[in-house]
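# Structural overview for review
Below are the chains, spelled out letter by letter.
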Amino acid sequence: MRVIVAGAGSLGSLLGGLLANAGEDVLLLGREAHVSAIQQDGLLVAGILGNLTISLAAKTQLDARESPADLVILGAKSQDVESVLQTIKPVVGDGTQILSPQNGVVTEDLVEDAYGMNRSLAAVTPLNVSLARPGELFYAVEGPLQLGPRGEQSTAVVEGIVDAFNRAGIETSWRDDIMQLKWRKLARYCIGAIINALTGLQRLAEDEDVCELMRDLAEEFIAVVEAGGVTDFPIRPLVEDAYRQFQTERPEQTWLASVGQDLRKGKPRTEIDYLNGYIVALGREHGVPTPVNHCIYTLVK
């Protein structure tokens, strides 16, 4: 399978690297420093798998002679996906599938606007990986990759992609309810992970004030989604399930959500517009006040 990771950051580089390690034909497209390090020393992966060095192709940009990909993995953060989708035009063929593992529920729409529903695969994963330095990843938390087609893709095509990830050691399954899982993950991020990103707190449910904050964020989330009618399934059970996860979660290793990683690195932009900022925007659109989400959004900004 020919795989291109477009906008290869930490998660995209890990997925592409493990696929390459399993024998797939993978090309990473990334920033110059990251690409140069991989070209010189390979992709270095430390953490729960021990220490791996993976040889794979890496470039800063495509050229017009590239052959079509079977799978494009969007490795960019949500705020960069729209521009990345323009760069992959040379490798999007009739059979190309485009995988969106970003936080939030917007990137699939961007894929479909650009290339149609029958090329769009939505995905969620709890994998936690960070870019320690260019060319070097730290893989901290493993977990399943769940994906599902947004259109009428061939069963054989989707199953082939699922099988490729499983052969690469990434537990992967096909889910028909993939957008429900993405909304639940969005809720998990907006009501809890974002507090970790801002404060570094690990066990959120151990403090009653933090629990109250999470409940307030959750109720605004539910009110906005219900008022807008933006899902065709009940949202409250998904948000309540996300909240319950924080009641029982006991991280064994240091956990810092991706927005927190970006803040720590001093990056000028994060995904917040696609997380709590998305809830704030929906609230404005549908006349639902979201003061607590707006506070979180403003603090990140």
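Residues numbered from 1 in each chain as written. Predicted model: local features only at pLDDT ≥ 70, side-chain atom pairs only at ≥ 80, totals over all residues. Heavy atoms only, no water.

The helix and strand tally for the protein chain stands at 11 helices and 12 strands. Computed over the C-alpha atoms, the radius of gyration of the protein chain is 19 Å, within 12% of the 19 Å expected from 2.2 N^0.38 for a compact globule of 301 residues. With respect to the principal axes defined by its C-alpha atoms, the protein chain has extents near 50 × 40 × 30 Å. Buried positions account for 54% of the 301 residues belonging to the protein chain. The contacts of the protein chain with a sequence gap of at least 6 include a subset with a gap of at least 24, amounting to 70%. Accessible area of the protein chain: about 13500 Å², with a carbon and sulfur share of 47%. Each charge class in the protein chain can be summarised by its mean position, and for the 26 positive and 40 negative side chains these summaries are 4 Å apart. (Helix = DSSP H or I, 4+ residues; strand = E, 2+ residues; numbered from the N terminus. Rg over C-alpha atoms; globule rule 2.2 N^0.38 Å. Buried < 20%, exposed > 50% of the residue type's maximum accessible area, 1.4 Å probe, protein only. Contact = heavy atoms within 4.5 Å. Areas by Shrake-Rupley, 256 points an atom, 1.4 Å probe, with all protein chains shown as cover. Lys, Arg positive; Asp, Glu negative; His and termini not counted. Charge placed at Lys NZ, Arg CZ, Asp CG, Glu CD.)

Topologically, Asn 128 is positioned in strand β9 (residues 128–133). What makes Asn 128 buried here is its relative accessible area of 17%. If near-sequence neighbours (up to four positions away) are discounted, Asn 128 is found in contact with Phe 138, Tyr 139, Ala 140, Val 141, Trp 255, Leu 256 and Gln 261.

The next point concerns the pairing of strand β1 (residues 2–6). Counting buried positions over the five residues of β1 gives five, a clear majority of the element. Here β1 shows two buried faces, one formed by Arg 2, Ile 4 and Ala 6 and the other by Val 3 and Val 5. In the sheet, β1 pairs with strand β2 (residues 25–29) via five bridges, with the strands oriented parallel. Bridging across to β2, Ala 6 finds its partner in Leu 29. Note that the unit made of β1, helix α1 (residues 10–21) and β2 has a crossover that is right-handed. In this sheet, strand β6 (residues 69–74) lies alongside β1 in parallel orientation, the contact comprising four bridges. Each bridged residue has a counterpart across the sheet, and for Ile 4 the counterpart in β6 is Val 72. (Pairing = 2+ DSSP bridges. Right-handed = clockwise from strand over helix to strand, strands pointing away.)

What follows covers the packing of helix α6 (residues 178–199) against helix α8 (residues 236–248). At a minimum axis separation of 8 Å, α6 and α8 run at an interaxial angle of 50°. One way to sum up the angle between α6 and α8 is to call them oblique. In this structure, α6 crosses over α8, and the sense of that crossing is right-handed. Note on element contacts: α8 touches α6 through Leu 238, Val 239, Asp 241, Ala 242, Tyr 243, Gln 245 and Phe 246, opposite Gln 180, Trp 183, Arg 184, Ala 187, Arg 188, Ile 191, Gly 192 and Ala 193. Split by residue class, the contact of α6 with α8 holds nine nonpolar, three polar and three charged. (Axes fitted to C-alpha atoms, helices over the stretch in contact; angles between N-to-C directions. Parallel < 35°, antiparallel > 145°, perpendicular 65-115°, else oblique. Left-handed = near helix turned anticlockwise from the far one by under 90°. Nonpolar A, V, L, I, M, F, W, Y, C, P; charged D, E, K, R; others polar.)

Further remarks concern the packing of α6 against helix α7 (residues 208–228). Between α6 and α7, whose axes approach to 9 Å, the crossing angle comes to 145°. Judged by the twist between their axes, the crossing of α6 over α7 is right-handed. Residue-level contacts link Trp 183, Leu 186, Ala 187, Cys 190, Ile 191, Gly 192 and Ile 195 of α6 to Val 210, Leu 213, Met 214, Leu 217, Ala 218, Phe 221 and Val 225 of α7. Tallied by class, the residues present in the contact of α6 with α7 amount to 13 nonpolar, one polar and no charged.

Right, let's get into the side chain of Asn 196. In this structure, Asn 196 sits in helix α6. Among the residues examined, Asn 196 registers a relative accessible area of 0% and is labelled buried. The residues touching Asn 196, leaving out its near neighbours within four places in the chain, are Leu 201, Gln 202, Leu 204, Trp 255, Leu 256 and Ala 257.

Let us now look at α6. In a regular helix each residue adds 1.5 Å, so 22 residues correspond to 32 Å; α6 covers 30 Å between its end C-alpha atoms and thus fits that length. Its maximal kink placed at Tyr 189, α6 deviates by approximately 45°. Burial analysis of α6 places 17 of its 22 residues in the buried class, the great majority of the element. (Expected span 1.5 Å × (residues − 1). Bend = angle between axes of the 7 residues up to and from the residue.)

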